Amino acid sequence: MKSIFNKERLIFVYLLIFLLIFFFPLIKFWYFFSLDFVFNPNWWSPKFWDHIFWVWLLSMIFSKIWISIIILEKIVFLIAIILPILWIYLLIKEINNKYAILFSMLFIIVNPFFYWRFVDWQINILLSLALFPLFLFFIKKTFEDFNFKNITLVSIYSLILCLTSIHNIVFIIFIWIINFITYYRNNKIYLKNIILLWTLIILLNLIWLIPTVFLKWYNFELFNQIKNFNESHIQTFKTISWDIWIYKNLLSLHWYWGEWEKRFITSYMNNPNYFNVFLLIFILIITWIYNSFIINKGNKKFEISLITLMVLSYIFALWSWNNNIFSPINEFMYNYFPFYKWFREPHKWTIFLVIWYSYFWAYWIKYIYNFLKFDNITKKIIFSTISIIPILYSPIFLWWFNNQIKVKNYPIEWNEVKSFINNDKNNNCIYLKEKISKNCYNTISFPRHSYIWISWLWKIVWWWIVQYFWDHILISDNIEIRNIYSSSNRQESKIIEIYIWPNWIFRWKYDDNNIKSFINDLKGLWIRNIILLKESDYDFYIKFLDIIKNKWMLKIEKENKMVKIYKIN
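Quick caveat, the model's predicted, so the values are computed rather than measured.

1. Structural notes on the overall build of the protein
For step 1, the next point in the chain: The number of helices and strands found in the protein is 24 helices and nine strands.
For step 2, the next point in the chain: Residues counted as buried form 58% of the 569 residues belonging to the protein.
For step 3, the next point in the chain: Considering only intrachain contacts with a sequence separation of at least 6, the fraction spanning at least 24 residues in the protein is 74%.
For step 4, the next point in the chain: Accessible area for the protein stands at about 25,600 Å²; split by element, carbon and sulfur atoms hold 63% of it.

2. Here we look at the packing of aromatic side chains
For step 1, the next point in the chain: Scanning the model with the defined rule gives 71 aromatic pairs in all.
For step 2, the next point in the chain: Taken together, a centroid distance of 5.1 Å and an interplanar angle of 80° make the contact between F37 and F39 edge-to-face. Side by side, F37 and F39 carry an identical accessibility label, which is buried.
For step 3, the next point in the chain: Across from the ring centre of Y468, 5.1 Å away, lies the NZ or CZ of K418, which sits over that ring.

3. A closer look at the pattern of salt bridges
For step 1, the next point in the chain: Applying the stated criterion across every chain, the model contains six salt bridges.
For step 2, the next point in the chain: With a closest N to O distance of 3.3 Å, K140 and E144 form a salt bridge. Here E144 and K140 lie together in helix α7 (residues 123–144), a separation of four residues that amounts to about one turn.
For step 3, the next point in the chain: Since its relative accessible area comes to 45%, E144 is described here as partly exposed.

4. Some points on the confidence of the model for the protein
For step 1, the next point in the chain: Summing up the model confidence of the protein, the mean pLDDT is 79 and the portion of residues at 70 or higher is 78%.
For step 2, the next point in the chain: No element of the protein has a lower mean pLDDT than helix α1 (residues 2–7), at 48, and none a higher one than α7, at 93.
For step 3, the next point in the chain: The low-confidence segment residues 216–220, where pLDDT is below 50, has 10 contacts with residues more than four positions distant or belonging to other chains.
For step 4, the next point in the chain: Low pLDDT, under 50, characterises residues 431–436; the stretch is placed with 13 contacts to residues that sit more than four places away or in other chains.

5. Considering helix α24 (residues 538–550)
Residue pairs three or four apart in sequence face the same way in an α-helix, which turns once every 3.6 residues.
For step 1, the next point in the chain: When the terminal C-alpha atoms of α24 are compared, their 18 Å separation across 13 residues agrees well with the 18 Å that a helix rising 1.5 Å per residue should span.
For step 2, the next point in the chain: In the stretch just after α24, W552 is the one whose phi turns positive, near 65°.

6. Focus on the side chain of K418
For step 1, the next point in the chain: Its place among the elements puts K418 in helix α20 (residues 412–423).
For step 2, the next point in the chain: Judged by its relative accessible area of 12%, K418 falls in the buried class.
For step 3, the next point in the chain: Once you skip the residues sitting within four places of it in the chain, K418 turns out to touch N42, Y468 and F469.

7. Considering α20
For step 1, the next point in the chain: Taking 1.5 Å as the rise per residue, α20 with 12 residues should run 16 Å; its terminal C-alpha atoms sit 16 Å apart, in good agreement.
For step 2, the next point in the chain: Inspection of α20 places E413, W414, V417, K418 and I421 among the buried residues, and these make up the whole buried set. Projected down its long axis, α20 carries its buried residues within an arc of 140°, all on one side. Exposed residues pointing more than 90 degrees away from the buried face of α20 are listed as I412 and N423.
For step 3, the next point in the chain: Elements in contact with the buried residues of α20: β7 (529–533), β8 (554–559) and β9 (563–568).

Cut-offs and rules
Residues numbered from 1 in each chain as written. Predicted model: local features only at pLDDT ≥ 70, side-chain atom pairs only at ≥ 80, totals over all residues. Heavy atoms only, no water. Helix = DSSP H or I, 4+ residues; strand = E, 2+ residues; numbered from the N terminus. Buried < 20%, exposed > 50% of the residue type's maximum accessible area, 1.4 Å probe, protein only. Contact = heavy atoms within 4.5 Å. Areas by Shrake-Rupley, 256 points an atom, 1.4 Å probe, with all protein chains shown as cover. Phe/Tyr/Trp six-rings, centres within 6.5 Å; stacked < 30°, edge-to-face > 60°. Lys NZ or Arg CZ within 6 Å of the ring centre and 35° of its normal. Salt bridge = Lys/Arg side-chain N within 4 Å of Asp/Glu carboxyl O. pLDDT = per-residue confidence, 0-100. Expected span 1.5 Å × (residues − 1). Arc of directions from axis to C-beta.

In structure tokens form, the structure reads like this:
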């Protein structure tokens, strides 16, 4: 690592300056509040079917040694923005052109794909982007030299990727198939090494595969999730498909499904001519590839494998767009390829377009640098400008993401409620031995939305924020996107949904039978408390809860201007 900094010291200084400009508001020692993920002080038990298993594992370790979870949050944040820069450097360091290297290392994190996932704070996707360049580096080394060290490293790294996001198993399988064919040698030693490699990969990944898929006490979690995916999920999470321009917009790393859900400000808000900039560079890349592969032939197996991966990723990212030319391929994959149905939203495939552009754009810049015969000063001006094109392509990074990620602490009013719950001796959680629930709850939270407007943040966040109060809260898991209200497999959620969306019994009927049934169902889940936030739909919830309170089935335990706690009598 020391030699890297000595060799390319100036590049890293520039990058550090850019990173400070982009991410300075997020450095504060408070919590991140974004759309799809929220850290809170309570620790989590790691489960193999959950994404970012090793992050959950760290959170549990931190809790045992009394280290603030904010430290873990900052570690994840730094990994997400620093590792992709370092690992893409490993792939292109032999290029020996500082302008090309700066462009590539900047682009890997300053692009529309990174922006979407960062604003959503989809940690598993961000960490996958951070890890895959190094995986491709290990793949290259392994297929060029099947020694024990390379085989071991790439096998262990495959496990790390799968424990970061189980979706990555699909990516890994395709990468291996592509490289197996690209580097294919018709001899026994090659096949023996491949068998050895795959044996080690499979054995290591049985650590998560067996409990995720087969063990009864995990309730066949993976199969249940896959079983619930249907045509509504395909249409909801498809890559945006307004017209034929999907082909060019996807190529430029746009058209993530969250755009038409208006989950965030678009990355091209400050750059309406984004595609013209992209198209110019893309054409020049194709020109370089033509020159490199057709005119100057040579051993470029790794580059061929990257191009193949890029083409397949582009095709699969068009998954579920009705009647596009690749529909039959994607329909076949969805129906017959293991795990593919569970992949849900196809735009994840563009992670490899990001890596592909970062890699090939660097070589294109070097090619143009050597081709042009200007004096050194002119070259410096031209290529210093070219190297910061990623910022021009995604200028929203300069505006600190338009304040879409909040960095704040939890309010005093929430802390008061948390302290009250933790000090309540009657709040012991009773584990259910009955088959009603496999989880341990004693509190339910309202309003019941997975994404809820929080007034003190002035933004919508994931409902998991409520677990700040207590570990054993039955929180919402109804996604409420387009035609999908819920994909929940939890029996407890299905019980609550009888009364609250989609059937919404309490919208019209507040008769004694419905109220008694609701309270009895809560008691059947061993729920004894209700937390009501004075946020979205508060008027609806306070209406039916007050009716229940007036019938002496509830009483108010604590209330402040943000939260109200009821106790079930």
